[in-house]
Amino acid sequence: MPISGSEIVARLIQIMPGQEAVTLQSRLTRETGYTSYAYAHAQRKPAKRNELMMAGATVGEEWISFALYKTTEAVTPKNGDKITDADAVIWQVKKVEENLDRTVFKCLCLRNQ
């Protein structure tokens, strides 16, 4: 019997190294401020060269890629949202992709200055 995408994510979370808790600050509309959402399971990795080229990155900027593992109460990140990592560093979301089974958000982020 095939397993669902959420079951796969639950299994990955149990065995995946390098997880950290992050906070997503998302603006629902221009009129409202940011609302915070906790993601207990996130993983960071260096941004890939082709991602940086497509994003128009320049020398001296600090970029990173976060994988946010979707939970039932997860909010979909969008461009312009902010992620605060476990070290209290704030990153601005520049690009968001979802995997095919909609269980992981991949966020390409630029460090706030």
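The paragraphs below set out a description of the structure included in this document.

Attention now moves to the overall build of the chain. A count of helical and extended segments in the chain gives two helices and six strands. Each helix and strand of the chain, ordered N terminal to C terminal, gives the series α-β-β-α-β-β-β-β. Counting the 113 residues in the chain, one finds 32% classified as buried. For the chain, contacts bridging at least 24 residues in sequence account for 53% of all contacts bridging at least 6. For the chain, the exposed surface amounts to about 7300 Å²; the carbon and sulfur share of it is 55%.

Let's shift gears to the nonpolar core. V22, F66, L68, I83, C107 and C109 are the most contacted members of the largest nonpolar core, which totals 14 residues. Listing elements by their share of this core, those giving two or more residues are β1 (19-27), β2 (34-45), β3 (63-69), β5 (90-98) and β6 (104-111). Discounting residues that sit within four places of it in the chain, F66 has contacts with E20, V22, Q43, R44, I83, D85, W91, F105, K106, C107 and C109.

Our next topic: the side chain of D85. With respect to the element layout, D85 can be found in the loop between β4 (82-84) and β5. At 3.0 Å, the side chain of D85 and the side chain of W91 are in polar contact. When near neighbours in sequence (up to four residues on either side) are disregarded, D85 contacts E20, A21, V22, R44, F66 and W91.

We now examine the sheet that holds β3. Adjacent strands of a sheet pair through backbone hydrogen bonds, lying either parallel or antiparallel. With respect to topology, six strands assemble into a closed barrel ordered β1-β2-β3-β6-β5-β4, the strand pairing being antiparallel. Across the sheet, the axes of successive neighbouring strands diverge by a mean angle of 45 degrees, strand direction being ignored.

By the definition in use, this model includes one aromatic pair. Ring geometry for F66 versus W91: centroids 6.3 Å apart, planes at 70 degrees, classification edge-to-face. In this pair, F66 sits in strand β3 while W91 sits in strand β5, placing the two residues 25 residues apart along the sequence. For the pair formed by F66 and W91, the shared burial category is buried.

Turning to the environment of T23, a few remarks are in order. Within the fold, T23 resides in strand β1. Its relative accessible area of 27% is what places T23 among the partly exposed residues. When the C-alpha atoms of T23 and A86 are compared, they prove to be 8.5 Å apart, with 63 residues separating the residues in sequence. For T23, the contacting residues outside a window of four places in its chain are S36, Y37, K82, I83 and T84.

It is worth spelling out unusual backbone geometry at this point. A positive phi angle, close to 70 degrees, is found at A88, a residue other than glycine. Here A88 lies in the loop between β4 and β5.

Now for the state of the cysteines. The full count for this structure, using the stated rule, is zero disulfides. Just so you know, C107 is unpaired, no disulfide at all, and the nearest cysteine sulfur is the one on C109, 5.3 Å from it. By relative accessible area, which is 0% here, C107 ends up buried. Residue classification places C109 among the buried residues on the basis of a relative accessible area of 0%.

Cut-offs applied
- Residues numbered from 1 in each chain as written.
- Predicted model: local features only at pLDDT ≥ 70, side-chain atom pairs only at ≥ 80, totals over all residues.
- Heavy atoms only, no water.
- Helix = DSSP H or I, 4+ residues; strand = E, 2+ residues; numbered from the N terminus.
- Buried < 20%, exposed > 50% of the residue type's maximum accessible area, 1.4 Å probe, protein only.
- Contact = heavy atoms within 4.5 Å.
- Areas by Shrake-Rupley, 256 points an atom, 1.4 Å probe, with all protein chains shown as cover.
- Core = buried A, V, L, I, M, F, W, Y, C linked by side-chain atoms within 4.5 Å.
- Polar contact = N/O pair within 3.5 Å; in protein donor to acceptor, adjacent residues only side chain to side chain.
- Pairing = 2+ DSSP bridges.
- Axes fitted to C-alpha atoms, helices over the stretch in contact; angles between N-to-C directions.
- Phe/Tyr/Trp six-rings, centres within 6.5 Å; stacked < 30°, edge-to-face > 60°.
- Disulfide = S-S within 2.5 Å.

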